[in-house]
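# Reading the structure
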Amino acid sequence: MRDKQGVYSAAKAAICISLLTVLSYIVIPLPPSGLSLMTVMVSLMGLILTPMQGGLAMAAYLIMGLIGLPVFQGGTGGAGKLFGVTGGYYFGFLIAVVLISLLKGKACSFRRYAAVTVFVGIPIEHLCAVSMMCLHNGFDIKGAFVSISLPFIVGDIVKAVIAAFLGVAVNRAMMKNKI
């Protein structure tokens, strides 16, 4: 039984990494980072994986991108992208997945899921993005916030709510099938 659980866990993590990669290719170009559906998958990963699974899956994704595989937004990869102007989002994804998973609770609750993704996930992702922008470009906090965070907040809230809806559906299906 334990081996079966390990296989399910690895398969869930691999599917999440694959979906995150696919969604990273769908980009609406908006300066400086573009608009993608990656944040839906990041939130969903936190909602359907355990903190350890989510953290390891996101770390694997970041390592894949770091070594140059085209898994980052727009099919890019490499250290320049990870540590570049918008790289803070990627580090925020790692922290957000773990915190969302830790705080989601045991029951499938749309309200709880939406609250955690909106009030924990999004702020963590944006805080890391703003911090990287300040470090990378020498922006002050206000300038970085206005350029890399503010234009995306409403869209990210919508995407977090979508992820909460999907998280409830996926978790209920997995419970029903005892996965």
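What comes next concerns the included structure.

Rules and cut-offs
- Residues numbered from 1 in each chain as written.
- Predicted model: local features only at pLDDT ≥ 70, side-chain atom pairs only at ≥ 80, totals over all residues.
- Heavy atoms only, no water.
- Helix = DSSP H or I, 4+ residues; strand = E, 2+ residues; numbered from the N terminus.
- Rg over C-alpha atoms; globule rule 2.2 N^0.38 Å.
- Buried < 20%, exposed > 50% of the residue type's maximum accessible area, 1.4 Å probe, protein only.
- Contact = heavy atoms within 4.5 Å.
- 1 Å grid on protein atoms, 1.4 Å probe; cavity = no way out; pocket = protein on both sides within 12 Å on 5 of 7 lines; lining within 4 Å.
- Points joined across faces, edges and corners; volume = space filled by probe spheres on them.
- Polar contact = N/O pair within 3.5 Å; in protein donor to acceptor, adjacent residues only side chain to side chain.
- Core = buried A, V, L, I, M, F, W, Y, C linked by side-chain atoms within 4.5 Å.

## What to know about the overall build of the protein
Helices and strands together make up the secondary structure of the protein, namely eight helices and two strands. Starting at the N terminus and walking to the C terminus, you meet the elements of the protein as α-β-β-α-α-α-α-α-α-α. What you see for the protein is a C-alpha radius of gyration of 16 Å, in line with the 16 Å of a compact globule of 179 residues. Along the first, second and third principal axes, the C-alpha atoms of the protein reach 50 × 35 × 25 Å. Of all 179 residues assigned to the protein, the portion counted as buried reaches 44%. Partitioning the intrachain contacts of the protein with sequence separation of at least 6 by distance along the chain shows that 67% fall at a separation of at least 24.

## Remarks on the layout of surface pockets
One water molecule sets the probe size; rolling that probe over the atoms shows where empty space is left. Empty space within the largest pocket amounts to approximately 450 Å³. Taken together, 20 residues form the lining of the largest pocket, with Lys12, Ile48, Leu49, Thr50 and Lys104 sitting closest to its centre. Only helix H1 (2–24), helix H3 (51–66), helix H5 (87–103) and helix H8 (153–176) provide two or more residues apiece to the lining of the largest pocket. The greatest single-element share of the lining of the largest pocket, amounting to four residues, is contributed by H1.

## Here's the deal with the environment of Thr39
Mapped onto the secondary structure, Thr39 falls in helix H2 (residues 38–48). You can call Thr39 buried: its relative accessible area is 9%. Along the backbone, Thr39 and Phe91 are 52 residues apart, and their C-alpha atoms lie at a distance of 12 Å. Not counting residues within four places of it along the chain, the set of residues in contact with Thr39 comprises Phe93, Glu125, Asp156 and Lys159. Here Asp156 takes part through its side chain, which lies 3.5 Å from a polar atom of the side chain of Thr39.

## Some thoughts on the nonpolar core
The tendency in soluble globular proteins is for nonpolar side chains to be buried as a group. Core analysis: the largest hydrophobic core is formed by 31 residues, its most contacted members being Leu20, Met45, Met58, Tyr61 and Tyr90. Among the secondary structure elements, those contributing two or more residues to this core are H1, H2, H3, H5, helix H6 (110–137) and helix H7 (141–149). For this core, the element with the most residues is H2, which contributes six residues. Look past the residues within four positions of Met58 in its chain and what remains in contact with it is Leu20, Val42, Met45, Phe93, Leu94 and Val97. Among the nonpolar cores identified, the runner-up in size contains ten residues, and Ile100, Cys108, Val116 and Val168 belong to it.

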